[in-house]
Amino acid sequence: MTELAARYEAGSIEKKWYKIWMEKDYFKSVPDDREPYAMVIPPPNVTGVLHMGHMLNNSIQDILIRKARLDGKNACWVPGTDHASIATEAKVVKWLREKGMTKGSLSREEFMKYAWEWTDKYGGIILNQLQKLGASCDWSRTAFTMDEVRSDQVINAFVDLYNRGKLYRGLRMVNWDSEAKTVLSNEEVLYSEERSKLYYVKYKVEDTDEYITIATTRPETILADTAIAVHPGDERFTRFKGKRVRVPIVNRSVPIVFDEYVEKDFGTGALKITPAHDMNDYEIGLRHDLEVINILNEDATINKNGAQYVGKDRFETRKKIVIDLEEAGQLEKVEEYTNNVGRSERTNSIVEPRLSKQWYVKMEKLAGPALDAVMEDSVRFFPENMKNTYRHWMENIRDWCISRQLWWGHRIPAYYYRDEVFVAATREEALELAKKKLDNNEIVASDLKQDEDVLDTWFSSWLWPFSVFNGMRSSEEVNYYYPTASLVTGWDIIFLWVARMIMAGYEWKGERPFKEVYFTGMVRDKQRRKMSKSLGNSPDALELIDQFGADGVRFGLLSSSPAGGDLLFDEKLCEQGRNFSNKMWNALRLVKGWKIDDSSVRPEDVEMRLLAIRWFEGQFYELLDELDADFRQYRLSDIAMKLYNFIWNEFCSWLLEMVKPAYGDPIDLESYKLINQLLENLMIVLHPFMPFITEEIYQNIRGREEDDHIIIAKWPQRKESDNSLSEGFALLKILVTSIRDVRNKNQIKQKELLTLQFMKSESAAMMVNSHGLKNLLRKMGYVKDIELVSEAPTVPHGNIVAQTLKAFVLLPNINLEEEREKLLADLEYAKGFVKKIEGKLKNERFVNNAPEAVVEKERKKLNDGLSRVAMLQESLERLG
RNA sequence: GGGCGAUUAACUCAGUUGGUUCAGAGUGCCACCCUUACAAGGUGGAAGUCGUAGGUUCGAGUCCUACAUCGCCCA
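Residues numbered from 1 in each chain as written. Chains lettered and ligands numbered in written order. Predicted model: local features only at pLDDT ≥ 70, side-chain atom pairs only at ≥ 80, totals over all residues. Heavy atoms only, no water.

(A) The overall build of chain A, seen in detail. Helix and strand counts for chain A stand at 27 helices and 29 strands. Computed over the C-alpha atoms, the radius of gyration of chain A is 37 Å, more than 25% above the 29 Å expected from 2.2 N^0.38 for a compact globule of 880 residues. Within chain A, the proportion of its 880 residues that are buried is 54%. The long-range fraction of contacts in chain A, counting pairs at least 24 apart against all pairs at least 6 apart in sequence, stands at 77%. (Helix = DSSP H or I, 4+ residues; strand = E, 2+ residues; numbered from the N terminus. Rg over C-alpha atoms; globule rule 2.2 N^0.38 Å. Buried < 20%, exposed > 50% of the residue type's maximum accessible area, 1.4 Å probe, protein only. Contact = heavy atoms within 4.5 Å.)

(B) Representation of the protein's contact with RNA strand B within the structure. Residues in contact with RNA strand B amount to 48 residues; listed here are only the nearest, Arg7, Asn586, Tyr663, Phe846 and Lys861. Here RNA strand B approaches the protein such that, of its atoms within 4 Å, sugar and phosphate make up 61%. One nitrogen or oxygen atom from the side chain of Asn586 is found 2.4 Å from a sugar or linking oxygen belonging to RNA strand B. Here Arg845 contributes a backbone N or O atom positioned 3.3 Å from a sugar or linking oxygen of RNA strand B. When residues of the surface near RNA strand B are traced back to their parent elements, those giving at least two are helix H17 (571–592), helix H19 (636–659), helix H22 (725–745), helix H25 (816–842), helix H26 (844–849) and helix H27 (852–879). A total of ten residues in the surface near RNA strand B trace back to one element, the largest contributor, which is H17. Here the surface near RNA strand B is built from residues that sort into 16 nonpolar, 13 polar and 19 charged. (Near = heavy atom within 4 Å. Polar contact = N/O pair within 3.5 Å; in protein donor to acceptor, adjacent residues only side chain to side chain. Nonpolar A, V, L, I, M, F, W, Y, C, P; charged D, E, K, R; others polar.)

(C) Summary view of the side chain of Thr484. Secondary-structure assignment places Thr484 in strand S22 (residues 484–490). Residue class for Thr484 comes out buried when judged on its relative accessible area of 0%. A distance of 2.8 Å separates a polar atom in the side chain of Thr484 from the backbone oxygen of Pro513. In contact with Thr484, other than residues within four places in its own chain, are Ala38, Met39, Val40, Pro465, Phe469, Pro513, Phe514 and Lys515.

(D) Molecular detail of the environment of Trp359. Looking at the secondary structure, you find Trp359 in strand S14 (residues 352–361). A relative accessible area of 2% places Trp359 in the buried class. Measuring from C-alpha to C-alpha, the distance between Trp359 and Asp399 comes to 9.8 Å, with 40 residues separating the pair along the chain. Polar contacts involving the side chain of Trp359 include one to the side chain of Asp451, which spans 2.9 Å.

(E) Just the packing of helix H16 (residues 541–558) against H17, in detail. For the pair H16 and H17, the least separation of the axes is 7 Å and the interaxial angle reads 85°. Taken together, the axes of H16 and H17 lie roughly perpendicular to each other. Contacts between H16 and H17 pair Leu544, Gln547, Phe548, Asp551, Gly552, Val553, Phe555 and Gly556 from the former with Glu571, Leu573, Cys574, Glu575, Gln576, Gly577, Arg578, Phe580 and Ser581 from the latter. A breakdown of the residues in the contact of H16 with H17 according to their chemical character gives seven nonpolar, six polar and four charged. (Axes fitted to C-alpha atoms, helices over the stretch in contact; angles between N-to-C directions. Parallel < 35°, antiparallel > 145°, perpendicular 65-115°, else oblique.)

(F) Up close: the nonpolar core. Core analysis: the biggest nonpolar cluster contains 193 residues, and Phe381, Phe459, Phe689 and Phe758 have the highest contact counts within it. In terms of residue count, the dominant contributor to this core is H19 (14 residues). Inspection of this core shows a minimum of three residues originating in each of domain 2 (542–723) and domain 3 (747–879). Those residues in contact with Phe381 that sit more than four places away from it in its chain are Val374, Met386, Lys387, Tyr390, Ile494, Val498, Ile502, Val517 and Phe519. (Core = buried A, V, L, I, M, F, W, Y, C linked by side-chain atoms within 4.5 Å. Domains from an automatic or database assignment.)

(G) Representation of the pattern of salt bridges within the structure. Per the stated rule, a full pass over the model turns up 58 salt bridges. Between Lys197 and Glu336 there is a salt bridge; the shortest N-O distance is 3.9 Å. With a gap of 139 residues between them, Lys197 in strand S7 (residues 189–205) and Glu336 in strand S13 (residues 331–344) connect regions that are remote in the sequence. With a shortest N-O distance of 3.5 Å, Lys822 and Asp741 are connected by a salt bridge. Highlighted residues: Lys822 in helix H25 and Asp741 in helix H22, separated in sequence by 81 residues. One salt-bridge network, held together by shared partners, links Arg218, Glu220, Arg314, Arg318 and Glu352. (Salt bridge = Lys/Arg side-chain N within 4 Å of Asp/Glu carboxyl O.)

(H) Main features of H16. Relative to the 26 Å expected for 18 residues at 1.5 Å per residue, H16 spans just 15 Å between its end C-alpha atoms, considerably shorter than the ideal helical length. Within H16, the axis deviates most sharply at Phe548, by approximately 105°. For H16, the buried fraction is high: 14 of the 18 residues fall into the buried class. (Expected span 1.5 Å × (residues − 1). Bend = angle between axes of the 7 residues up to and from the residue.)

(I) Broad picture of the sheet that holds strand S20 (residues 449–450). A sheet is described by the order of its strands in space; here three strands give the open sequence S19-S18-S20, paired in antiparallel fashion. Looking at strand neighbours, the two that pair on one side only are strand S19 (420–423) and S20, the edges of this open sheet. Where strand S18 (residues 414–417) lies against S20, two bridges are found, and the strand directions are antiparallel. Opposite Tyr415, over in S20, you have Gln450 as the bridge partner. Of the strands in this sheet, S18, S19 and S20 touch helix H11 (residues 427–438), which is tilted by about 135° from S19. (Pairing = 2+ DSSP bridges.)

(J) Representation of the packing of aromatic side chains in the model. Within the structure shown, the criterion is met by 41 aromatic pairs. Relative to Trp715, the ring of Phe631 has its centre 6.0 Å away and its plane inclined at 80°; by these criteria the two rings are edge-to-face. Of this pair, Phe631 sits in helix H18 (residues 603–632) while Trp715 sits in the loop between helix H21 (691–701) and H22, and the two are 84 residues apart along the sequence. Given the relative accessible area of 7%, Trp715 is considered buried. Taken together, Phe158, Tyr162, Trp359, Trp400, Phe459, Trp462 and Trp508 form an aromatic cluster joined through their ring pairs. Just above the ring of Trp654 sits the side chain of Arg740; from NZ or CZ to the centre is 5.5 Å. (Phe/Tyr/Trp six-rings, centres within 6.5 Å; stacked < 30°, edge-to-face > 60°. Lys NZ or Arg CZ within 6 Å of the ring centre and 35° of its normal.)

(K) Local environment of the packing of helix H10 (residues 386–395) against helix H15 (residues 494–509). Packing of H10 against H15 leaves a shortest axis separation of 11 Å and a crossing angle of 80°. Regarding the angle of H10 to H15, the classification is roughly perpendicular. Listed contacts from H15 to Met386, Thr389, Tyr390, Trp393 and Met394 of H10 are Ile494, Phe495, Ala499, Ile502 and Met503. Looking at the contact of H10 with H15 residue by residue, the classes come out as nine nonpolar, one polar and no charged.

(L) Quick peek at the sheet that holds strand S5 (residues 167–177). Within the open sheet, the four strands sit side by side as S6-S5-S14-S16. Their pairing is antiparallel. Only two strands of the sheet have a single partner each, and these edge strands are strand S6 (182–184) and strand S16 (400–401).

(M) Representation of the pairing of S18 in the model. Of the two faces of S18, both are covered, the one formed by Ala414 and Tyr416 as well as the one formed by Tyr415 and Tyr417. Pairing of S18 with S19 involves four bridges; the strand directions are antiparallel. In the strand pairing of S19, Tyr417 is matched with Glu420. Hairpin connection between S18 and S19: a loop of two residues separates the two successive antiparallel strands, and Arg418 in this loop has a positive phi of roughly 50°.

(N) How the structure looks around the domain arrangement of chain A. By domain assignment, chain A separates into domain 1 (190–351), domain 2 (542–723) and domain 3 (747–879). Each partner contributes residues to the interface: domain 2 has twelve residues there, and domain 3 has eight residues. With both sides pooled, the region where domain 2 packs onto domain 3 buries about 730 Å², and carbon together with sulfur makes up 73% of that total. In terms of surface lost to domain 3, no three residues of domain 2 exceed Met608, Leu611 and Met658, which account for 56% of the buried area on that side. Inspection of the region where domain 2 meets domain 3 yields zero salt bridges. (Buried area = accessible area lost by both parts, 1.4 Å probe.)

(O) Examining the side chain of Thr213 more closely. Relative to the helices and strands, Thr213 is located in strand S8 (residues 211–216). Taking relative accessible area as the criterion, Thr213 reaches 13% and is therefore assigned buried. Setting aside residues no more than four positions away along its own chain, Thr213 makes contact with Tyr200, Val201, Lys202, Thr268, Ala270 and Glu332.

(P) Summary view of unusual backbone geometry. That bond from Phe382 to Pro383 is cis: its omega, -5°, falls within 30 degrees of zero. Note that Pro383 resides in the loop between strand S15 (380–382) and H10. Cis rather than trans, the peptide bond between Tyr482 and Pro483 has omega equal to 0°. The phi angle at Arg418 is positive, at roughly 50°, despite the residue not being glycine. Looking at the secondary structure, you find Arg418 in the loop between S18 and S19. With phi around 50°, Gln803 is a residue other than glycine that occupies positive phi space. With respect to the secondary-structure elements, Gln803 resides in the loop between strand S28 (797–802) and strand S29 (805–810).

Encoded structure:
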């Protein structure tokens, strides 16, 4: 027995192998003449720490890249992080505050210095954590969206788009975070039901004694009203056509407009219109050519247009204005109301619609080829139904607002000189453009004012599949690695990221960025809640790895994570993975413990072993075929479970038990070698899922050359195999299980030797004539004699009906009740089966229309079923 | 309001081209067992009217329609 611990200890072994793999540069990829398999990591936020979602996502990527490596491809997985403008800036601001500084007290340059300091110090923790998970990224390629190479390409992309007329600056209603003082994308606004109040306010109709009452949840915006709108078909208001009303408080005269948008049944049927502070009102304003009055500053205090409320906060103003309206007698009533309020994902402050000049990407032209690519499967989606979602979004695409009012990020390369804008990678180039355009050589660099805003972080990540290869500037690597093979990401960023990468791919490379996209589900807790920091329902990723090993966690995550389907995480899954490791470890211990000695083994044992091994090989090759198909379809959890079952049941419980020599006895060399080879192959196919333990076992199976590691082994190839054995072994397994059941039911020890009798039949002959099968049955069933008989025994016995084989297990005594129950249950099942098939065969249309092969099969099934019924009945009758 | 998806064992999910003893797996549960690789284990077992109602078909868990319930995305 070699010195192997009885329990598998993941921790130290995982550390050991990761270090060796790194030292050997196995993760590193350089272009060569092999087929490339490239993958780019969905860059986690530089502020990120490893959570369950990352673990799932990156385990999957690691599986794919390790499989590609085993397939002999040039596997290249590029890691990196993105700079996450808003999130990082928020962290930096907080950090500065702890140091007693405010963003406002710093210049932009000073702030950026601190931001980089923060990033260098705290950023990128997550990449180290990924190593613990076993991620086999080419770390020498680690990229950051704000490093020099990437930044250069981002700026280039902006300039390029501008020059091609695909960028514009537009006045748009945007989601404004008044705390972070930045624009938010729709995706960064979280909506939820909140309790608020609905205020009914009376507007006096000019030249009449009448009032029109409107309902609003935001009375402070009355200051910015420039119209009242009603539905054109609403008879209550037709008499006001052409009239104007007076806005309360500010006493402004504004028109009454008629617009289909107004819902007659909502509130009072009349709507106040505030184009500067509401998305829909803005649209109505455009249609009716209304004045736009903005009353808010960047920080959501009231600006100079806000009469006596100037300088006050928006919510303070709301309170004050309600009092003032009441005093003026213009507040009719106040109702409790629940509405959908949008808050900033980052600051939680209520999002303010705000008119602002922003940079936009014109999306319509970009979307065309990107939509086609997915619809025609140039870029294949897994699961396929994501295509529908994608199409829906692409067909209704809106222009992309890419400016953000932040400092941390790529500063927009647009330079202003009076009313003109010049877009160029550098100030100097912009200056040249300005001089030329304005025909004025007097302009100097400092006359140009660079745009204060930075670009949306996604504007860097959409270039990722080629920017990591410096693909916009150089073609050397991109020609080899691009398009990448697969992309693994969550479906929640299909629009934010995936769609845009496809667009960028066609825009700049004229080619898809990846061939296949695998969308993972979300990791949720057992109550189906999304795992999140705020809920505190997410286990600590690193602690899990400590507890169950990275292999165990990876297996746990993968074993129950169908494509696109959510994963309901349960620690039990990881425990199962850990136990699986231990099981394999002990299989290794068993095999390693065998002594080899060809001189003292019995030939019939060798024959028996070789037969079992031949059978197992056949099963293994069939498994390989299934795995191939599953990999092509990204059915990774199926693969994980198939390997689990195959190794645990077929290999450990059946094969090893079949070939295992008696305690202290040696094994023959040939069987030993073949079994080791099988174990080795099993480790190779499992390696992508559980990289560490498979390497450890691989190394322990036999001595290895210096550079022989499983990570770079060859995926096993299918060979010719003997399928004729599967029938006999299937029957063997049923017989063994049935014998064990008979023992269980009659309290007979598993190892007490019994006599088995077969009623003469074809299948009985098959079992008995093969020495190998017969000996295996003896060994596995602890059977001393196997006899062929033509009549049931008269001594106590248990009845077995296996397929069409009838057998008797001779017993010292028998529990007749149990026996009868079991036979009755079996009989009932068999009868039901027969009835169903008889029904089919009696149906002439079936017999006439179904393919002959199908009918033939049914006939065979019927015959088998009938003989089973007969055998069971006979046994029952004998019981009396 | 528009769209997508789901409903199979106590739980979580497979079920690929409609046809094999097809009704499966894992977990959990029950019984027995510290048997010489493994109690992080072994052996055996019980457990489902495939959401409901129709339809197509020789044949439906699988295809179609409607309904119910739930979930998600977009507006």
